[in-house]
Amino acid sequence: MPTFWPSATSSNVDLAFTRPVTYKVGIMSDRFLIFVPAYNCENQVPRVIADLACLTDEPGKFAIALIENRSTDSTLRRAEASLDACPLPDKLLIQNDENYNLGGSHKVAFDFARAEGYEYVIVLHGDDQGSIRDILPLLRKGGHRNLDALLGARFMKGSTLQGYSMLRTWANVTFNLIFSAVAGKRFYDLGSGLNLFRRSIFDNGFHLKFADNLTFNYYLVFGLADTGKRLAFFPINWREDDQISNAKLFTQGITMLKMLGQRIRSKQAFLRAEHRITPRSSYPATVVRRWSPSEDPA
Ligand SMILES: Nc1nc2c(ncn2[C@@H]2O[C@H](COP(=O)(O)OP(=O)(O)OP(=O)(O)O)[C@@H](O)[C@H]2O)c(=O)[nH]1
Ligand SMILES: [Mg+2]
């Protein structure tokens, strides 16, 4: 287990017995794992990884874990080449042993982040619809410190959306409002592709029975609100250009209505219920390649 970097806000460190240390305000002391879920996005994943080069001069400790989900195209090969070329020192290419879909990939990522001692997980979808740059100003201000989840929102003041039809935008905004009313907490997005989570909130496994598919995030926002987690939303820039959307408006809408029915009937039963089509006791994955500073040639 790697050593934790001291947290600027930690109160359990007795500084009286140590040399004076100047803790800088901001992200200097935090460890972030950037989790990039990737499936059949061979054309987009190189752009996402190339963009992460902007983190080289950031003071926080950023590592990348790209989790490849058994793509049928060249995503794995192209991800490896892109990671190899990326100037950040800590990088991992992980492949799920089976396809666990997007929600299952999150479970792999949170588990891995716990094993390696990361305090925060930043989710950034591998299909290049958003950018890590949108969250950086908040991290620099320490905006994540008093929160359990900082969620990117495509549908709030300050957000920009490109390539989304009126119908799709309307459907999203409508579901945001319905979910908010049911949860008693304002949700500005039920699942964008740029989110930050405090990793320790997943240590008790409250998320493990949430659906493994693309609806995982919808369960998660309810789960976060219903277990009293501290969450906030921030506006993001989101686009759809050469991506293939897998979120089918009609079938997804029906699924969401069923989910709402379940949640309205009982909050507690909803939290405890099995929401997966294929329940699993574990989500095994394999590290295909790891780059770390100590392994760099001298
Ligand atoms: N569809 C799908 N996406 C996966 C899977 N595993 C990881 N992903 C990644 O999850 C992200 C989201 O998938 P999308 O198909 O774009 O779904 P979405 O973002 O909910 O829908 P859009 O709003 O249309 O983009 C992408 O970065 C995928 O590469 C999988 O098994 N299926
Ligand atoms: Mg997408």
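Structure first, text after, so check above.
Just so you know, these numbers come straight off a predicted model, no measurement behind them.

Once that is clear, we can look at the overall build of the protein chain. From N to C terminus, the protein chain includes eight helices and 10 strands. For the protein chain, the proportion of contacts with a sequence separation of at least 24, taken over those separated by at least 6, is 82%.

A general feature of soluble globular proteins is that nonpolar side chains tend to end up buried together. Counting 70 residues, the largest nonpolar core has Ile34, Phe35, Ala65, Leu66, Ile67, Val121 and Ile122 as the members making the most contacts within it. The greatest single-element share of this core, amounting to eight residues, is contributed by helix α6 (residues 216-226). In this structure, phenylalanine 35 is in contact with Ala65, Ile67, Ala109, Val121, Ile122 and Val123, ignoring residues within four places of it in sequence.

Close contact between helix α5 (residues 166-183) and helix α7 (residues 249-265) brings their axes to 11 Å; oriented N to C, the two are set at 5 degrees. Taken together, the axes of α5 and α7 are roughly parallel relative to one another. On α7, the residues touching Arg168, Ala171, Phe175, Ile178 and Val182 of α5 are Leu249, Gly253, Met256, Leu260, Arg263 and Ile264. Of the residues contributing to the contact of α5 with α7, the split by class is eight nonpolar, one polar and two charged.

To continue, consider unusual backbone geometry. Phi at asparagine 40 takes a positive value of approximately 45 degrees, unusual for a residue other than glycine. Among the secondary structure elements, asparagine 40 is positioned in the loop between β1 (31-38) and α1 (45-51). Even without a glycine there, the phi angle at arginine 70 is positive, about 65 degrees. With respect to the helices and strands, arginine 70 occurs in the loop between β2 (61-68) and α2 (75-85).

By secondary structure assignment, the location of asparagine 69 is in the loop between β2 and α2. Residue classification places asparagine 69 among the buried positions, given that 24 C-beta atoms sit within 10 Å. Residues asparagine 69 and glutamine 95, 26 residues apart in the sequence, show an inter-C-alpha distance of 6.0 Å. Sequence-distant contacts of asparagine 69, defined by excluding residues within four places in its chain, comprise Pro37, Ala38, Tyr39, Asn96, Asn99, Tyr100 and Ser105.

A sheet is described by the order of its strands in space; here eight strands give the open sequence β8-β5-β7-β4-β1-β2-β3-β10, paired in mixed fashion. Edge positions in the open sheet fall to β8 (231-235) and β10 (285-291), since each of these has one partner strand only. Strand-to-strand twist across the sheet, computed as the mean angle between neighbouring axes with direction ignored, equals 20 degrees. Together, β1, β2, β3 (91-96) and β10 form the strand contacts of α2, whose direction differs from that of β2 by roughly 160 degrees. Its contacts with the sheet place helix α3 (residues 101-115) against β1, β2, β3, β4 (120-124) and β10, and it is angled at close to 140 degrees to β2.

Take the pairing of strand β7 (residues 194-198) next. Most of β7 sits inside the fold, with four of its five residues counted as buried. Across five bridges, the pairing between β4 and β7 is antiparallel. Each bridged residue has a counterpart across the sheet, and for tyrosine 120 the counterpart in β7 is arginine 198. Bridging between strand β5 (residues 149-153) and β7 involves three bridges; their strand directions are antiparallel. By the bridge assignment, leucine 150 is partnered in β7 with leucine 196.

Calculation rules
Residues numbered from 1 in each chain as written. Chains lettered and ligands numbered in written order. Predicted model: local features only at pLDDT ≥ 70, side-chain atom pairs only at ≥ 80, totals over all residues. Helix = DSSP H or I, 4+ residues; strand = E, 2+ residues; numbered from the N terminus. Contact = placed C-beta atoms within 7 Å. Core = buried A, V, L, I, M, F, W, Y, C linked by C-beta atoms within 7 Å. Buried ≥ 20, exposed ≤ 12 C-beta atoms within 10 Å, placed from the backbone. Axes fitted to C-alpha atoms, helices over the stretch in contact; angles between N-to-C directions. Parallel < 35°, antiparallel > 145°, perpendicular 65-115°, else oblique. Nonpolar A, V, L, I, M, F, W, Y, C, P; charged D, E, K, R; others polar. Pairing = 2+ DSSP bridges.

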